[in-house]
Amino acid sequence: MSFQDAAETALEQSVQELYLLLFDHSLGHVTCRYIADNIVALVLDASTTPIEQVLLQGNRLATAQSFREQMTLILERHLIAMVSKEYQCAVSNVIRQHQADAGCMSLFIVIDNV
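Before going further, it helps to spend a moment on the environment of Ser26. For Ser26, the location among the structural elements is in the loop between α1 (3–23) and β1 (29–36). When the C-alpha atoms of Ser26 and Gln16 are compared, they prove to be 7.0 Å apart, with 10 residues separating the residues in sequence. Ser26 has contacts with Leu20 and Ala46, leaving out every residue within four places of it along the chain.

Take a look at the structure:
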């Protein structure tokens, strides 16, 4: 296993643990890939929490979107801290998208100094 493979696997596990700690929800699967020297792509499957599911089923889309936005900001802040600490690098940007109906979230973490 290469260093990059080991780093991807470690980050996948760390994200799983972080999501469970922050939101009391287990992700279905996390995929992590370095897609460039300074960009890490994360895909979080089954990221929609039970609270969001209830809101969506009750046709409270705006409330569910607002709830997700707050969750995503919290997750982003913790991911930046985790990546910065574990890999001793600065994170310059996080690009994110959540697809509620698919229960999937994607994040691209842009690392400043590689």
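The subject of this paragraph is the confidence of the model for the protein. In the predicted model, the protein carries a mean pLDDT of 88, and the fraction of residues at 70 or more is 95%. For the protein, per-element mean pLDDT is lowest for α1, which scores 87, and highest for strand β2 (residues 39–45), which scores 93.

A surface patch of nonpolar side chains, about 270 Å² in accessible area, is lined by Ile35, Ile95 and Phe108. Within the fold, Ile95 resides in strand β3 (residues 91–99). Accessibility expressed as a relative area gives 45% for Ile95, which makes it partly exposed.

Quick notes on the rules
- Residues numbered from 1 in each chain as written.
- Predicted model: local features only at pLDDT ≥ 70, side-chain atom pairs only at ≥ 80, totals over all residues.
- Heavy atoms only, no water.
- Helix = DSSP H or I, 4+ residues; strand = E, 2+ residues; numbered from the N terminus.
- Contact = heavy atoms within 4.5 Å.
- pLDDT = per-residue confidence, 0-100.
- Patch = residues over 30% accessible without salt bridge, like charges linked within 9 Å, V, L, I, M, F, W, Y side chains within 5 Å.
- Areas by Shrake-Rupley, 256 points an atom, 1.4 Å probe, with all protein chains shown as cover.
- Salt bridge = Lys/Arg side-chain N within 4 Å of Asp/Glu carboxyl O.
- Buried < 20%, exposed > 50% of the residue type's maximum accessible area, 1.4 Å probe, protein only.

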